[in-house]
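Structural characterization, general
Spelled out from the first residue to the last, the chains are:
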2 protein chains.
Amino acid sequence: MVIPLAKKEEDFGEWYIETCDKAQLCDKRYPIKGMNVWTPYGWRIMRDIDAAIRREMERTEHDEVCFPLLIPETEFKKEKDHIKGFDEEVYWVTHAGLNPLDVRLVLRPTSETAMYPMFSLWVRSHADLPLKTFQIVNTFRYETKQTRAFMRVREIHFFESHTCHEDKADAERQIAEDVDIVDAICKEICIPYSLLIRTDWDKFPGAVYTVGIDTVMPNGRTLQIGSAHYYGTNFSKPYEIAYETEEGVHAYAHQTTLGMTERLLGAVIGVHADDEGLVLPPAIAPVQIVIVPIFKKDNEDRVMDFCRTLEDVLKKNGIRAKLDDSDARPGAKFFEWEVKGVPLRFEVGGRDIDNGVVSFARRDNGEKGTISSDSVVEGARMMFKVIAKDMLAKAAAKQEGYIDDLDTMEGLESIPEGRMCRFGWCGNPECGHTFEDKYDIKILGTPYCPVKWSGRCIVCGKDGAKPVIAARTM
Amino acid sequence: MVIPLAKKEEDFGEWYIETCDKAQLCDKRYPIKGMNVWTPYGWRIMRDIDAAIRREMERTEHDEVCFPLLIPETEFKKEKDHIKGFDEEVYWVTHAGLNPLDVRLVLRPTSETAMYPMFSLWVRSHADLPLKTFQIVNTFRYETKQTRAFMRVREIHFFESHTCHEDKADAERQIAEDVDIVDAICKEICIPYSLLIRTDWDKFPGAVYTVGIDTVMPNGRTLQIGSAHYYGTNFSKPYEIAYETEEGVHAYAHQTTLGMTERLLGAVIGVHADDEGLVLPPAIAPVQIVIVPIFKKDNEDRVMDFCRTLEDVLKKNGIRAKLDDSDARPGAKFFEWEVKGVPLRFEVGGRDIDNGVVSFARRDNGEKGTISSDSVVEGARMMFKVIAKDMLAKAAAKQEGYIDDLDTMEGLESIPEGRMCRFGWCGNPECGHTFEDKYDIKILGTPYCPVKWSGRCIVCGKDGAKPVIAARTM
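Now for the packing of aromatic side chains. One pass over the structure, following the stated rule, counts 44 aromatic pairs over all chains. When the centroid spacing of 5.9 Å and the interplanar angle of 15° are considered together, the rings of A:F204 and A:Y231 count as stacked. Of this pair, A:F204 sits in the loop between β9 (194-197) and β10 (209-216) while A:Y231 sits in strand β11 (residues 222-232); the two residues are 27 residues apart in sequence, bridging distant segments of the chain. Take A:Y231: its relative accessible area is 0%, and that puts it in the buried class. Between the aromatic rings of B:Y209 and B:Y230, the centroid separation amounts to 5.5 Å while the plane-to-plane angle is 45°, which identifies the pairing as tilted. One end of the pair, B:Y209, is in strand β10 (residues 209-216); the other, B:Y230, is in strand β11 (residues 222-232), and 21 residues separate them in sequence. On the basis of relative accessible area, B:Y209 is assigned to the buried category, the value being 17%. Classification of B:Y230 by relative accessible area gives buried; the value is 3%.

As a further point, take the environment of B:L107. Here B:L107 lies in strand β6 (residues 99-107). Classification of B:L107 by relative accessible area gives buried; the value is 0%. Between the C-alpha atom of B:L107 and that of B:W337, which follows or precedes it by 230 residues, the distance is 39 Å. Once you skip the residues sitting within four places of it in the chain, B:L107 turns out to touch A:L69, A:L70, A:V93, A:L107, B:L69, B:L70, B:Y91, B:V93 and B:F140.

Moving on, we come to the interface of chain B and chain A. Facing 49 residues of chain B, the contacting portion of chain A comprises 48 residues. Buried surface at the junction of chain B and chain A, summed over both partners, amounts to about 4,300 Å²; 66% is from carbon and sulfur atoms. Broken down residue by residue, the surface that chain B buries against chain A is led by B:Y30, B:C66 and B:P68, which jointly contribute 13%. Salt-bridge contacts for A:R47 lead to B:E64; the nearest nitrogen and oxygen are separated by 3.7 Å. The interface formed by chain B and chain A holds 18 residue pairs in polar contact (both at pLDDT 80 or more) in total. With six residues, the single largest contributor to the side of chain B that touches chain A is strand β5 (residues 91-96) of chain B.

Attention shifts here to the sheet that holds β6(B). Read from one edge of the open sheet, six strands run β4(A)-β6(A)-β5(A)-β5(B)-β6(B)-β4(B), paired in antiparallel fashion. Strands with a single pairing partner mark the edges of an open sheet, and in this sheet they are β4 (70-72) of chain A together with β4 (70-72) of chain B. The average undirected angle you get between the axes of adjacent strands in this sheet is 45°. The pairing of β5(B) with β6(B) spans four bridges and is antiparallel. Residue pairing across strands places B:V93 opposite B:L105, the latter belonging to β6(B).

With that out of the way, let us pick up the side chain of A:D50. Residue and element names in this part refer to chain A. The residue D50 is located in helix α2 (residues 40-59) in this model. No salt bridge is formed by the buried D50; the nearest opposite charge belongs to R54, separated by 4.9 Å. The residues contacting D50, other than those within four sequence positions of it, are I136 and H157.

Next up on the list: the relation of the copies chain B and chain A. Least-squares fitting of chain B to chain A yields an RMSD of 0.0 Å, with the superposition described by an axial translation of 0.0 Å and a rotation of 180°. What the rotation and shift describe, once combined, is the action of a two-fold rotation axis. When C-alpha positions in chain B are compared against the rotation axis, the closest is assigned to B:V93, at 2.1 Å. When you check the interface residues of chain B against chain A, 98% turn up at the interface there too, and the contact is symmetric in its surfaces.

What follows deals with the nonpolar core. Note on soluble globular proteins: their nonpolar side chains tend to be buried together. Grouped together as the largest cluster of nonpolar side chains are 80 residues, with contacts concentrated most on A:L70, A:L107, B:L70 and B:L107. Dropping the residues within four chain positions of it, A:L107 is found in contact with A:L69, A:L70, A:Y91, A:V93, A:F140, B:L69, B:L70, B:V93 and B:L107.

Because each turn of an α-helix spans 3.6 residues, side chains separated by three or four positions in sequence point in the same direction. The end-to-end C-alpha separation of helix α11 (residues 376-400) of chain B is 36 Å, in line with the 36 Å expected for 25 residues at 1.5 Å each. Those residues of α11(B) that sit buried are B:V376, B:V377, B:G379, B:A380, B:M383, B:F384, B:I387, B:A388, B:M391, B:A395 and B:Q399.

Here we come to the sheet that holds strand β3 (residues 63-64) of chain A. Residues and elements named next belong to chain A. With mixed pairing, the eleven strands of this open sheet are ordered in space as β3-β7-β8-β14-β11-β10-β9-β22-β23-β21-β20. With one partner strand each, in any of the chains shown, β3 and β20 (403-405) form the two edges of the open sheet. As defined by bridge partners, strand β21 (residues 420-425) adjoins strand β23 (residues 466-471) across five bridges and the pair is classed as antiparallel. Bridge pairing links F423 to V468 in β23. Together, β3, β7 (131-140), β8 (155-165) and β14 (254-261) form the strand contacts of α2, whose direction differs from that of β8 by roughly 5°.

Attention shifts here to the pairing of β9(A). Residues and elements named next belong to chain A. With four bridges joining them, β9 and β10 adopt antiparallel strand pairing. Bridge pairing in β10 links I197 to V211. As defined by bridge partners, β9 adjoins strand β22 (residues 442-447) across two bridges and the pair is classed as antiparallel. Within the sheet, the bridge partner assigned to L196 lies in β22 and is P447.

Calculation rules
- Residues numbered from 1 in each chain as written.
- Chains lettered and ligands numbered in written order.
- Predicted model: local features only at pLDDT ≥ 70, side-chain atom pairs only at ≥ 80, totals over all residues.
- Heavy atoms only, no water.
- Phe/Tyr/Trp six-rings, centres within 6.5 Å; stacked < 30°, edge-to-face > 60°.
- Helix = DSSP H or I, 4+ residues; strand = E, 2+ residues; numbered from the N terminus.
- Buried < 20%, exposed > 50% of the residue type's maximum accessible area, 1.4 Å probe, protein only.
- Contact = heavy atoms within 4.5 Å.
- Buried area = accessible area lost by both parts, 1.4 Å probe.
- Salt bridge = Lys/Arg side-chain N within 4 Å of Asp/Glu carboxyl O.
- Polar contact = N/O pair within 3.5 Å; in protein donor to acceptor, adjacent residues only side chain to side chain.
- Pairing = 2+ DSSP bridges.
- Axes fitted to C-alpha atoms, helices over the stretch in contact; angles between N-to-C directions.
- Lys, Arg positive; Asp, Glu negative; His and termini not counted.
- Least-squares fit on C-alpha atoms with pLDDT ≥ 70 in both.
- Core = buried A, V, L, I, M, F, W, Y, C linked by side-chain atoms within 4.5 Å.
- Expected span 1.5 Å × (residues − 1).

Written as structure tokens, this is what we have:
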């Protein structure tokens, strides 16, 4: 009996699991729940995403560092809100060899408390600022909720940038730069996103404010794919990250962070994959073009020679091309590479060669056509751009459609599953909690980028409210 | 008062510490001893070494994976010798959040016991073999000896390849391939090495045999920079890594591993750096060429324009060039980039431009000269090759000089500090221990590559002995 596979539109949760499995992105059978094995294909995509992040970090002159995983309990507990936020979800190392440790060590859930004792040594004078660093490392959180590959795991592949600045203005310029960075990365992975300043009760433990970076899954639930934080001097005071100003005055640094995780990959799967399998953005596809030779007995050598040259030319020009010269039939090859999400398939038969063209098929929309063999490199590069643009536009249009504008709570029994809403909020926590509790939904926040909007608070009716988005989250 | 810096030839230990510090390779002030912070320059070099490793892994078709850091105690204890070898040097996670865990988790000291439960699921048939995987991750050992940056640390940056094969012959072909891999990597980092089959009492816990990869420090002590192991079926039996042969018979896989660590960087520092600072092999230098403009007021624009174009041309051709356009004087720039170990310095003045040349200075031997501006890319590439070859040859010649051949133990009171020795050993552990105990020195092993040699055991006098190397280790 063949069990039919789940459909994306019908059962997103099950479809997501099956899609990860059939594309062999990770192995969830490791004997600790929520700690998955990165198998070669999934890890390669993640490393391509990391490469996109590193390009942005280099462009914006952040230095890559790598801090120790373990943090002494004494350092970890210096910032009160921070430890409260993480107390229940960290792993503790208590023994080394056969003996108990004098000071317990925590596995970093994020690296503020590892980095900031060192920043305190590195930052002495205004000339040391701004300090801009980042790392890509493994972090750990003891999740008690249901785990899900790449979206909610206990060992997390994590990117975090940490910066120190002279004052609030410079720190906020950094947040603005972070927005550019996020935009560039999300363009590469073709993921639409919104930037929302989180409510005070939902901000990062220790932050002055948090900008959440959210995308939307096909079930209408949002997935936070990252966040930027302004810390003010909340950490610099307890960790003594201070500097001498140009005027010789002792001052505390203002800090920011930007963090993103393997959820970027989870977002790519959830947003772009379809019932046939993955659909990968060209920038992060381990194989960008698969070449499938179509031959009969009498022209096999000719077709194969052409395909080998084609692969070679593409590779020499920095395109990740792969000639599938296995014994499988073309149809079986098509199927396999569709599951893997390869953005572009080139088919080459005798007639194509005669006509001086290469036939192509796009993974994202199935479109077929031919490009001239003479300009195959330029043609491929142009198609990558078109594919990326189309993937992003399609996803953006879809995500906008999940949002309903609410003018009033009257007559509204519930927010339907799969819908998000936008409405006015005066900013009073009481009104916010009232809304969240009534509809069992989360206020994601107010737009980071200023918007023209005027209206009343949906709860208390006060004028001058700000627009907020509320949604259920993954 | 200026404290004179240590000299490499006089006090290697102190010189090593100072050299790491002044080149800013890591920060040892992190509040856990032996867990250092990778600062930008050191981390960049390490990542360049990793890139060299990845190129070799790709060439030899190993798949990159990434396994969880934590291993349940139950899995960790399946292979008896292995756990005995690591019992006293692993870190234990015993609590998550506020609660004790049901099963304690170990921080991987190496990943056999994390990977092999999964290999047992991945390997089913002879068609799944050989399985060739690798990862580059952080590992942990609770060192009780004195720690030293990059050489003996508690969080270790670690490369490990793990393979499964049908039989011993195929596994040993893998070890032979590993030798090629090691050779290629060591060529890139210009490090001479020897391959010695370790004594039975010094092999990896769980291995049938271990091939140690050693280099020699200027104090005559050896540094193990890696090792390859043949496991036979020692792990595949307890972990049930079994397959069906072509004949339908159930058989256990034969396994191998190859491991190398950040000691590769430690070796580069120890072998190549000098009293002025680092000397980096071109393949792993973050900056391969620094361009220093030499101008007067009347030709500043002309010189700077030329230098900018030069930097641009080099970069476009994949050479990591950096124009130092800071306000410092040329002499200060020379000094700074010497400390950082940049292999090649280009100096460009008005006269050089007139003559159509670029002046260069090699970091490794101080040699100076000019190359034609018309062929500066080819010239630089050729010089990288020459520099790498010369660095390796110089180090190899030096290392060979540390070894004394011993014919007899008679009259020998001790092996002098800073000397290694080569002599015959019958292979009997009793003779081996006698030698090691008498001279307080370690037998590193017998050559992995067959050598023509005949002689007697230096202890018992039996004929047909094999040559072994003994040395003090870092």
